[in-house]
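What the coordinates show
Each chain, written out:
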Amino acid sequence: MKTRYSFGGDEHIFVEVDEEMSLDAFFKSLSMTNAVRDSNIEGVTEICPANASFQIKFDPDQIHPNDMLAELKKLESTAEAAEKRMTTRIIEVPVYYNDPWTHETLMRFRERHQDPDGTDLEYAARINGFDTVDQFIEAHHANPWFVSMVGFVSGLPFLYQLVERERQLQVPKYLRPRTDTPKLTVGYGGCFSCIYSVRGAGGYQMFGITPMPIFDPEQKTSYLKDFMVFFKPGDIVKWNPIDRTEYDRILKEVEAGTYEPKIAEVEFDLDAFNKDIEGTNAKLKEALNVG
Amino acid sequence: MSVKVIKPGLLTTVQDLGRPGYFHLGIPMGGAMDRLALRAGNMLVGNDEDAAALEAVFMGPELAFEADAVVAVTGAEMPIFVDDEEQQGWTAFEIKAGQVLSFGFLKSGARAYIAISGGIDTPPALGSRSTYAIGALGGVNGRAIAAEDVLPLGQAGTSKTGATVPPELRRGPGSPAELRVLPGLYWHRITEAAQEHFFEDDWTVAPEADRMGYRFRNGRPLEFVEREQPFGAGSDPSNIVDGCYPYGSVQVPGGTEPIVLHRDAVSGGGYFMIGTVISADMDLIGQLQPHVPVKFVKVDMDTALDARHERAAQIDAMRAALR
């Protein structure tokens, strides 16, 4: 890992912790953004963590860009020494894989896809070496995922699976982005899963849909009354495969304002995880079934 | 105190100076694309500079006033009418209850700002009235204005009809428009030849130009420095591991058509960027029509900061002239 700093015009500094994605890069990036927040540098207006990088927006009328850069560089060693451990939450997110709505959409945009004769799931399963779509779906939800970035549009989470690099699923984005994606589509691009928070354009492959709203500008959803965005970087997600009946049942609960996502508080320690991936993931999943 | 929308125009939204502070969640600051024009309009009608006004793209709306008000139209140039009487741009004028404000065809620029005394008083969302349609935030129910909408107005301050912004303090893009860019971010991903011809080429604004970003075409494609793509980045040489996008950053998907992200920017994604349009030139982009010629001009940080100070001085001069 080699940290690279660059100015984004006169108002931003972009910091790339690593060119490639890894949990180490994510943790260092998150530690650095926490260090920036804690140090209260005058002139900082926005702190935006990303997967393996982050961005600071600042007011150059308050602090010269070179001074801002020097402040950030000072924090790098602090961040490196920081414990790669956090108290966070694990959330069970229901997913209706192979649903009729994303299926209708992916058929409409077939000419923009690498494999016009199949579905996104069939394509993803094949290029990742799975014999069946079901096996691929199993690999997608078997282990938990880290929310490594929130952004693109309105509270959209990017998620990175908690498995060894050899077991990471990789799927390219559409050849040309779609102009439409159903709201709450569970998507996939590169090594990241995502949930489309709103309907709109998108380039990620479409695997399924969740009935659980994650962005509500009107703040009517029971668990989004305090804030309209559900996810934050560092959240852990466990996909829970559901069928149509369960999807419809949850949707009714959401509409009635009675749905509450299943959430548990957990500790995540990167070193412990690297030593025992299976054991750590088992413990994380267990937390959802206690209490 | 309100204004009724008879015709909305092509795409007219409520905008103020935006909602900074939520970009880390994918909610952009938004706000007027031409902030100087918005400030000027508000100064002319006696509002706080960050009051909400209407941003009308390419075509003006038709508005019926239900109370007396002072109005100023800044930014893009289009004939302005109160009933049948033509009014001057960048100048405060009076409009009486029962009169109708309407517009002729666009002459220059792209976005007109219609500031009304008291400001548009739609409910703020996350501290701003700016319309962010993608997230259904702000404005009128999170969308552009529509016929029959009734826009509430706030309490008017004091203003002088006939007050005008001196012509030398109005600012619009030249032809070709020059957009100054500070190279950086993933600048090293393209070859030296590409680094040169990006600034040599004549670009034109593509039809895909909106509040999220402006796309440009007709320049030569950029060649990439060869590398093995990093894990998680995706297979195209223009892909990176999804990261944050600065406002004004210039991304070039596939190396072909640059896109400059604007006020309603997506906060991040997987395309490399070659640099960032300096803050002083962002307003100019909001006044570019599709198909107009554009040159990108390479600058360093000192030039970017000087330009920023010049722009601040221009706003100060405007404040002094209208005091």
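What you see is a predicted model; the values in this text were computed from it and never measured.

1. Observations concerning the overall build of chain A
When helices and strands are counted, chain A shows 8 helices and 12 strands. Rg of the C-alpha trace for chain A: 20 Å, near the compact-globule value of 19 Å for 291 residues, within the 12% margin. Buried residues in chain A amount to 61% of all 291 residues. Put simply, of all contacts in chain A between residues at least 6 apart along the chain, 65% involve residues at least 24 apart. Carbon and sulfur atoms make up 48% of the accessible area of chain A, which amounts to about 12,000 Å² in all. With 32 positive and 48 negative side-chain charges, chain A shows a separation of 2 Å between the mean positions of the two kinds.

2. Comments concerning the side chain of Gln195(B)
Residue and element names in this part refer to chain B. Residue placement: Gln195 occurs in helix H2 (residues 192-200). Reaching out from Gln195, the side chain makes a polar contact with the backbone oxygen of Trp187 at a distance of 3.0 Å. Not counting chain neighbours up to four residues away, the residues in contact with Gln195 comprise Trp187, His188 and Ile190.

3. What to know about the interface of chain B and chain A
Contacts between the two partners involve 47 residues from chain B and, on the opposite side, 54 residues from chain A. For the pair chain B and chain A, the summed buried area comes to about 4,000 Å², and 61% of that belongs to carbon and sulfur atoms. Note that Arg308(B) and Glu11(A) form a salt bridge whose closest N and O atoms lie 2.8 Å from each other. Our enumeration of links across chain B and chain A arrives at 18 residue pairs in polar contact (both at pLDDT 80 or more).

4. Concerning the domain arrangement of chain A
Interfaces are frequently sized by the accessible area removed from exposure as the parts join. Residues and elements named next belong to chain A. One can read the domain layout of chain A as domain 1 (4-82) and domain 2 (87-289). For domain 1 and domain 2, the distance between their C-alpha centres works out to 28 Å. Across the contact, 11 residues belong to domain 1 and 16 residues belong to domain 2. A buried area of about 1,100 Å², summed over both sides, lies between domain 1 and domain 2, and 71% of it is on carbon and sulfur atoms. Sorting the residues of domain 1 by area buried against domain 2 places Met21, Leu23 and Asn51 first, and these three jointly supply 48% of that buried surface. We note a salt bridge from Glu20 to Arg165, for which the minimum N-O separation is 3.2 Å.

5. As for the environment of Gly138(B)
All names here are of chain B. Here Gly138 lies in the loop between strand S10 (108-116) and strand S11 (150-152). Accessibility expressed as a relative area gives 9% for Gly138, which makes it buried. Gly138 sits 130 residues away from Pro8 along the chain, and the two C-alpha atoms are 17 Å apart. With near-sequence residues (within four places) excluded, Gly138 lies in contact with Arg19, Ala125, Arg129, Ser130, Thr131 and Arg143.

6. Let's talk about the domain arrangement of chain B
Residues and elements named next belong to chain B. You can read the domains of chain B as domain 1 (2-169) and domain 2 (177-312). A straight line from the C-alpha centre of domain 1 to that of domain 2 covers 29 Å. The interface is formed by 25 residues belonging to domain 1 together with 21 residues belonging to domain 2. Both sides of the domain 1 and domain 2 interface together cover about 1,800 Å² of buried area, and 55% of this is carbon and sulfur. Where domain 1 packs against domain 2, one counts 1 salt bridge. Between Arg211 and Glu55 there is a salt bridge whose closest N-O contact spans 2.8 Å. Seen at the junction of domain 1 and domain 2, the total is 15 residue pairs in polar contact (both at pLDDT 80 or more).

7. Points about the layout of surface pockets
Residues and elements named next belong to chain B. Within this model, the largest pocket holds a volume of roughly 1,400 Å³. With 4 residues, strand S18 (residues 268-271) is the largest single contributor of residues to the lining of the largest pocket. Residue composition of the lining of the largest pocket, grouped by class: 22 nonpolar, 17 polar and 10 charged.

8. Details of helix H4 (residues 120-127) of chain A
All names here are of chain A. Along H4, the positions that sit buried rather than exposed are Asp120, Leu121, Tyr123, Ala124 and Ala125. Looking at the packing, one finds that the buried side of H4 touches helix H3 (100-108), helix H5 (133-142) and strand S10 (205-209). Gly129 occupies a position one or two residues after H4 and carries a positive phi of about 80°.

9. Points about the packing of aromatic side chains
In the structure shown here, the tally under the stated rule is 31 aromatic pairs over all chains. Between Phe136(A) and Phe207(A), the ring centres sit 5.3 Å apart and the planes meet at 90°, which makes this aromatic pair edge-to-face. You can see Phe136(A) sitting in helix H5 and its partner Phe207(A) sitting in strand S10, a full 71 residues away along the chain. The pair formed by Phe136(A) and Phe207(A) is uniform in burial state, with each residue classed as buried. One aromatic cluster is present, built from ring pairs that chain together Trp187(B), Phe198(B), Phe199(B), Trp203(B), Tyr214(B), Phe216(B) and Phe296(B). The side chain of Arg4(A) reaches across the aromatic face of Tyr186(B), ending 4.8 Å from its centre. For Arg178(A), the ring lying beneath its charged end belongs to Tyr174(A), and the centroid distance is 4.5 Å.

Parameters and conventions
Residues numbered from 1 in each chain as written. Chains lettered and ligands numbered in written order. Predicted model: local features only at pLDDT ≥ 70, side-chain atom pairs only at ≥ 80, totals over all residues. Heavy atoms only, no water. Helix = DSSP H or I, 4+ residues; strand = E, 2+ residues; numbered from the N terminus. Rg over C-alpha atoms; globule rule 2.2 N^0.38 Å. Buried < 20%, exposed > 50% of the residue type's maximum accessible area, 1.4 Å probe, protein only. Contact = heavy atoms within 4.5 Å. Areas by Shrake-Rupley, 256 points an atom, 1.4 Å probe, with all protein chains shown as cover. Lys, Arg positive; Asp, Glu negative; His and termini not counted. Charge placed at Lys NZ, Arg CZ, Asp CG, Glu CD. Polar contact = N/O pair within 3.5 Å; in protein donor to acceptor, adjacent residues only side chain to side chain. Buried area = accessible area lost by both parts, 1.4 Å probe. Salt bridge = Lys/Arg side-chain N within 4 Å of Asp/Glu carboxyl O. Domains from an automatic or database assignment. 1 Å grid on protein atoms, 1.4 Å probe; cavity = no way out; pocket = protein on both sides within 12 Å on 5 of 7 lines; lining within 4 Å. Points joined across faces, edges and corners; volume = space filled by probe spheres on them. Nonpolar A, V, L, I, M, F, W, Y, C, P; charged D, E, K, R; others polar. Phe/Tyr/Trp six-rings, centres within 6.5 Å; stacked < 30°, edge-to-face > 60°. Lys NZ or Arg CZ within 6 Å of the ring centre and 35° of its normal.

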